[in-house]
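Report on the structure
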Amino acid sequence: MEARLLVLHNRGFMRGSPQLRALIWIGLLTALLIVVAIALLFLIARKTCPLPGTDDIMRLLWEQVLQDRKALFVLVATPLIFGFFVLLARGSRNRERLILTETGIEFRSPFGAPLNLLQRDWALQWCQVRTAQVGRMFRHAGGHLAALILETGGNRRRVLLYPWVEPSDYKPRSLREERAYIRALQQQGPEFQDWIKHNPVVRYVNEQVHGLEVDTAPAVSTAFALEKHPWTLACLVMLLLLAAYTIVDGFLLLGETYAVRPAYELFAGAGLLAAIVVTRLLRSKGVPSVESAVVGVLTGAALGCALYPGLLRVNQWTDTLGLHAYAYRSQGDGRFTPVDDSLPDLHFDDHPDYWRQMGVGEERDFELRRGGLGFYQVNLAPVHDAIAEFYRSSGRHDGGAKPGRSG
């Protein structure tokens, strides 16, 4: 049989696919909910706000949003996520391809630069492949996540089978039919066997690639032993050390917390960068893509969490002046403003009974330090002692919680 070029597209983002229709509906509903929420907030503010002008009301609402970090995160993250999926859909439709020829297999990522760090192009020659087998994409995966596993000796490449279709043969189903079909594939019954038999990737390799045949028998185990690979073992040890440090120093030893807003963007950015670097490093050392991604994401998350107490500790170690007591005035509900305007405001979230007994305008001293990193942090030890004494003398139970973060 004459060999041919087979170019496959990702069904998830093809025109009319149920997956794409579902994403569009989710995006529209999310945008509608945000618009309705903003409109309701505007109407409520217009009735209750003493400021008559629309600009004044919008400015007041924006100030409230800036103070509510959850609302701010939703407003910022939602369009970013929506924009990411728009880029992914466009990239998949215009660029993402799985190309099979008589000499090899090639994957073209939907992402162009600089987003190609998320998923890179790759190519593999058939002469490099020792065995080809249909197995699980990852442990405990159902039949709809079956993958073509290509063993090259020192490396293993998994190609998820379900997304790839020939555009000329693809007929979109309804969302209900698609869900029913995926459930049938999960059971790995007759529908699964028939799908594997007629899958374009498996069929092409069996018919067009000389000297290589896909083993469609159920694999005994395709799990990758993380503890037996030196690089994954090193990453796991690092992950555990970071997690242990976060727990021990963040919750048990360190008695200080941020007096200003923590650098959450730095924590998230460092964690994301670490996840990308670890994932790419493990892939270059022959670790399968799924295991590389999982270990990379977990390591990045552990680093991001460890930076929270880590920056406090570094700021403490680089402090040359030590803790100083500063006068603050209570504004009620655990909120305090400094007598010295150069200092940050403080806000304690927990133990409302304790903070409520302090009158507005009442002065209280708090111990702050400004370390080498340039931000203020507050010593919580005197605060803990005062709260414990309050509950002890009043006979009330404090639940054992510590006062919330300030700033």
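Our subject is the structure that appears above.
Treat the numbers as computed from the prediction; the structure is a model and nothing was measured. (Residues numbered from 1 in each chain as written. Predicted model: local features only at pLDDT ≥ 70, side-chain atom pairs only at ≥ 80, totals over all residues. Heavy atoms only, no water.)

Let's shift gears to the nonpolar core. With 30 residues, the main nonpolar core has Leu 98, Leu 100, Ile 105, Trp 126 and Leu 148 as its most contacted residues. Of all the elements in the fold, those that place two or more residues in this core are strand 1 (6-10), strand 2 (97-100), strand 3 (104-108), strand 4 (122-125), strand 5 (131-136), strand 6 (146-151), helix 5 (190-198) and helix 6 (200-208). Of all the elements, helix 6 adds the most residues to this core, at 4 residues. Leaving out residues up to four positions away in the same chain, Leu 100 has contacts with Arg 4, Leu 5, Leu 6, Leu 8, Ile 105, Trp 126, Val 201, Tyr 204 and Val 205. Membership of the second largest hydrophobic core comes to 18 residues, among which are Tyr 328, Phe 336, Leu 346 and Tyr 354. (Core = buried A, V, L, I, M, F, W, Y, C linked by side-chain atoms within 4.5 Å. Buried < 20%, exposed > 50% of the residue type's maximum accessible area, 1.4 Å probe, protein only. Helix = DSSP H or I, 4+ residues; strand = E, 2+ residues; numbered from the N terminus. Contact = heavy atoms within 4.5 Å.)

Turning our eyes to something else, we now look at the sheet that holds strand 4. The 5 strands lie next to each other as 4-3-2-1-8, forming an open sheet whose pairing is antiparallel. Every interior strand has two partners, whereas the edge strands, strand 4 and strand 8 (164-165), have only one. As paired strands, strand 1 and strand 8 are joined by 2 bridges and run antiparallel to one another. The partner of Asn 10 across the bridge, within strand 8, is Trp 164. (Pairing = 2+ DSSP bridges.)

Turning our eyes to something else, we now look at a nonpolar patch on the surface. A cluster of nonpolar side chains, contributed by Ile 24, Trp 25, Leu 28, Leu 29, Leu 32, Val 36, Leu 40 and Leu 43, occupies part of the molecular surface with about 810 Å² of accessible area. Here Ile 24 shows up in helix 1 (residues 18-48). (Patch = residues over 30% accessible without salt bridge, like charges linked within 9 Å, V, L, I, M, F, W, Y side chains within 5 Å. Areas by Shrake-Rupley, 256 points an atom, 1.4 Å probe, with all protein chains shown as cover. Salt bridge = Lys/Arg side-chain N within 4 Å of Asp/Glu carboxyl O.)

This next bit is on the packing of helix 4 (residues 175-186) against helix 5. Contact geometry of helix 4 with helix 5 gives a least axis separation of 7 Å together with a crossing angle of 95 degrees. Classified by the angle between their axes, helix 4 and helix 5 sit roughly perpendicular to one another. For the pair formed by helix 4 and helix 5, the contact residues are Tyr 181, Ala 184 and Leu 185 on the first element and Glu 191, Phe 192 and Trp 195 on the second. Looking at the contact of helix 4 with helix 5, its residues break down into 5 nonpolar, no polar and 1 charged. (Axes fitted to C-alpha atoms, helices over the stretch in contact; angles between N-to-C directions. Parallel < 35°, antiparallel > 145°, perpendicular 65-115°, else oblique. Nonpolar A, V, L, I, M, F, W, Y, C, P; charged D, E, K, R; others polar.)

Turning next to the sheet that holds strand 10 (residues 256-258). Reading across from one edge, 10-15-14-11-12-13 is the order of the 6 strands in this open sheet, with antiparallel pairing throughout. Two strands in the sheet have a free side with no partner beyond their single neighbour: strand 10 and strand 13 (346-347). Strands in contact with helix 9 (residues 289-317) are strand 10, strand 14 (363-370) and strand 15 (376-379); relative to strand 10, the strand with the most contacts, it is inclined by about 110 degrees.

Let us look at the packing of helix 8 (residues 264-284) against helix 9. Two numbers describe how helix 8 lies on helix 9: the axes approach to 7 Å, and their chain directions differ by 150 degrees. Overall, the two elements helix 8 and helix 9 adopt an arrangement that is roughly antiparallel. The element helix 8 and its partner helix 9 pack so that their crossing is right-handed. Grouping the amino acids of the contact of helix 8 with helix 9 by side-chain chemistry returns 15 nonpolar, 8 polar and 1 charged. (Left-handed = near helix turned anticlockwise from the far one by under 90°.)

Taking burial as the measure, the 6 residues of strand 6 include 5 buried ones, the bulk of the element. Sheet topology places strand 5 next to strand 6; 6 bridges connect them, and they run antiparallel. For Val 134, the partnering residue across the bridge sits in strand 6 and is Leu 148. Note: strand 6 against strand 7 (residues 156-160), 5 bridges, orientation antiparallel. Bridge pairing in strand 7 links Ile 149 to Arg 158. Connecting strand 6 to the next strand, strand 7, in antiparallel fashion are 4 residues, including Gly 153 with a positive phi near 100 degrees.

Attention now moves to the pattern of salt bridges. Tallied over the full model, the rule gives 13 salt bridges. With a shortest N-O distance of 3.3 Å, Arg 108 and Glu 106 are connected by a salt bridge. Judged by relative accessible area, Arg 108 falls into the partly exposed class, the value being 36%. Relative accessible area serves as the criterion here: at 30%, Glu 106 is assigned to the partly exposed category. A salt bridge links Arg 369 to Asp 319; the shortest N-O distance between them is 2.7 Å.

Honestly, that's just the spatial picture; any functional story needs more than this.
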